[in-house]
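Structural characterization, general
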Amino acid sequence: MSDPAAAETPLLDDSVKGCLDFKGRPVHRSSSGGWTSASFIIAVEVAERFAYYGISSNLITYLTGPLGLSTAAAAAQVNAWSGVATLLPLLGAFLADSFLGRYRTIILASLVYILGLGLLTLSATLPSVTTSGAPNADNVTLNTSSMLQYQVILFFFSLYLVAFGQGGHKPCVQAFGADQFDAEHPVECKAKSSFFNWWYFSIAAGILLTLLILNYIQENLSWVLGFAIPAIVMAVGLLVFVLGTMTYRFSVKGDEESPFVRIGRVFILAIRNRKIASSAIATEESLKQFKFLDKALLAPDSTMEQGKVCSMREVEEAKAVLRLAPIWATCLIYAVVFAQTSTLFTKQGATMDRSITRGIEIPAATLQCFISFSILLFIPIYDRIVVPLARAFTGKPGGITTLQRIGTGIAVSAMAMVIAALVEMKRLQTAREHGLVDKPNVTVPMRVWWLVPQYSLCGLSDVLAIVGLQEFYYDQMPNELRSIGIALYLSILGVGSFLSSFLISVIETVTGKDGRDSWFADNLNRAHLDYFYWLLAALSALGLALYVYSARSYIYARRSTS
C-alpha cells in the first residue's frame, strides 16, 4: 500500500526546502535530520543537564557546608545564580539568531561551559592545600584565611562562567534539535511534537543519574570528584555532538533584514504614527489585537513611500511577539514554585530520616530524583496514551493546545505546594512531640518518603507546563527567532528564581525582626516553611486565574497547528 505522504514528494528529489548541510549543499530528507540527527543533539543536552544539575541540585548543601552560609543566604544565592543562568539565554539566543548561528554557538558555549566546570573543580581543591609545618601559627591562620577567600572568589567566578556557558548552549541546542524536523512534512510535523516530549524524557534520565550518583559522591567521597565528573561528561557530550555534524540540517538565512530590525521598526513607526487616523487600515481577524501596531502600515504623510511603512507580515511578526507577553508574565508564579525543589525542599529533607539501611543514608539533594522518576513515568503515558486519545477527539496533532497543557501544569504545581505545606506541618508537629525543637542537628523521626508526593507532583507539573512552554515559545515565534523563543521560556524560570530570592529575603527580614525566628530560620524546627508553602499555593491559584484569562484571549500564530 503506497504512502500518500511519499507520493507527494518526487522520488528523485527529496531535498528539504530551506535547509542546507554543513557544507552549504541542499540536504536530502532520507539522509539528514529527523530522529537520527536529533539523537546526537539530545546526547549533548543530556550531558549538559547532567553537568548543570550536578552543580545546582546540591549547591545549597555546598554553600551551607564548606562555604558556611546561612540557610536563607544560601537559598538566595542559589536562586540568584539560577536566575542569571536562565536569563543569559536571551543574550546567547540573540547572538545565535543574529550572528553566529545555532551550531557555532553551541560549540563555543560548550567550551566555555567545560572551562567553568574545570575551574569549579580547581576551587574545590584549594582548602586541601595545607600550611602545616609553618614556623608561625599566626601565619598558618592568615594563609588559611587567605586561601579560603581565594576559594570563594574562584568558586563564584567559575559558577557564573558555567551560567554564561549555559546561556549560549541552552536556547540553541533545543531549537537546533527541533530544526531537524520539517514542519511542512506531515510525518515530520507529528514527530516534532513528540520531539519535545522525548527531549524532556531524555534529559530527565540524565538528571536522574546525577541525583542518584553524583550527589552521593559529593557528600560522601569528594566535592572535587563531584565537580570533575560533570566536566568530563560535558566534554564527551560535546564530542558526540560534533560527530553528528554531517547529518544535521542547517536552516537557510535569507537576504532579509534581521528580524530584530523588522520588529523594532514596527514599534518605532507605530509610535511615530500614533496621531494619524487609522480608518484606512483594513480590519482583519488577525489584526484585532494590538491595533495600535497597525499604524506601522501607514506612512507619516498618508502616502505609501518605499521605506516609510512596514508590511503586513512585519506587523504580524511584531504582534506575535507581543502576544506572548501576558502568557510570560502569568507563568512567573509557577516559576517561583519551580525554584523551591532544589532549595527549600532539599533543606526540609535534610532534617528527616533518610536512612535506607543501617549506615547508609541518601543525600537530601538526591530526593529530587523523584521528580525525574515522575517525568520518566508520565511522559510515555502522555505521549503514547493521552495524546492519541485526545487527538481522536480534537483532531489536533498535540491532542490539546499547548496553552491548555501549560495551564494544567500550573494547577498541578499549586497542588504540590498544598501537599508540601501539609507535610511540613506534620514534620514540625513530630519535632515538637519528640522534644526536638531546639535540637536542629538531631534527625526528626519522620521518614523522608513523606516528601515523595510533593516531588512527584512537581515532576508531573514539569511534564505539562515546562514541555508545553518549550513547544509554545518555539512554535509561536517567527522562524528566525526560535532560539529567542526558547530563551524567553527559560527567562520565565530565571525571573521566577529572582522573584523567589526577593520573596525569601523580604520574608526573612519581616518575620525575623526583634530577634524572632523567621520563616527560614537555620533551625528549621523553629522555622515556618509551611507558611511559605501556603503563601505560594495562594499565589499559584491567583496566577492560574490570570493565566486562564490571558490564554482565553490568545490568538495563535497562523502557522501553528495548536
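Residues numbered from 1 in each chain as written. Predicted model: local features only at pLDDT ≥ 70, side-chain atom pairs only at ≥ 80, totals over all residues. Heavy atoms only, no water.

An unreviewed UniProt entry annotates the protein chain as Major facilitator superfamily (MFS) profile domain-containing protein originating from Gossypium darwinii. Regarding the protein chain, the relevant UniProt record gives this comment under Sequence similarities (unreviewed entry): "Belongs to the major facilitator superfamily. Proton-dependent oligopeptide transporter (POT/PTR) (TC 2.A.17) family." Turning to the protein chain, the UniProt annotation filed under Subcellular location (unreviewed entry) states: "Membrane". (UniProt positions renumbered as here; feature names shortened; annotations may be inferred.)

We now examine the overall build of the protein chain. Tallying secondary structure elements over the protein chain gives 18 helices and seven strands in all. Going through the 562 residues of the protein chain one by one, you find that 53% of them count as buried. (Helix = DSSP H or I, 4+ residues; strand = E, 2+ residues; numbered from the N terminus. Buried < 20%, exposed > 50% of the residue type's maximum accessible area, 1.4 Å probe, protein only.)

To describe a pair of aromatic rings, you give the distance between the ring centres and the angle between the ring planes. This structure, assessed with the given rule, holds 31 aromatic pairs. With 5.6 Å between their ring centres and 75 degrees between their planes, Tyr52 and Tyr53 make a pair best called edge-to-face. A relative accessible area of 17% means that Tyr53 is categorised as buried. For the pair Trp198 and Phe201, a centre-to-centre distance of 5.0 Å together with 65 degrees between the ring planes defines the contact as edge-to-face. Taken together, the residues Trp198 and Phe201, both in helix H8 (residues 186-220) and three residues apart, mark about one turn of the helix. Taking the relative accessible area as the measure of exposure, Phe201 reaches 24% and is therefore partly exposed. Connected via pairs of aromatic rings, a cluster forms that spans Tyr62, Phe155, Phe156, Trp223 and Phe227. (Phe/Tyr/Trp six-rings, centres within 6.5 Å; stacked < 30°, edge-to-face > 60°.)

Looking now at the nonpolar core. Formed by 140 residues in total, the largest nonpolar core has its most connected members in Phe155, Phe241, Ile327, Phe520, Phe532 and Tyr533. Residue contributions to this core peak at 12 residues, all from helix H16 (residues 452-476). If we ignore the near neighbours within four places in the chain, the residues touching Tyr533 are Leu344, Phe345, Gln348, Met417, Ala420, Ala421 and Glu424. (Core = buried A, V, L, I, M, F, W, Y, C linked by side-chain atoms within 4.5 Å. Contact = heavy atoms within 4.5 Å.)

This part is about the side chain of Thr210. When you line up the elements, Thr210 lands in helix H8. A distance of 3.2 Å separates the side chain of Thr210 from the backbone oxygen of Phe50, its partner in a polar contact. Discounting chain neighbours no more than four positions away, the residues touching Thr210 are Arg49, Phe50, Tyr53, Gly54 and Asn215. (Polar contact = N/O pair within 3.5 Å; in protein donor to acceptor, adjacent residues only side chain to side chain.)

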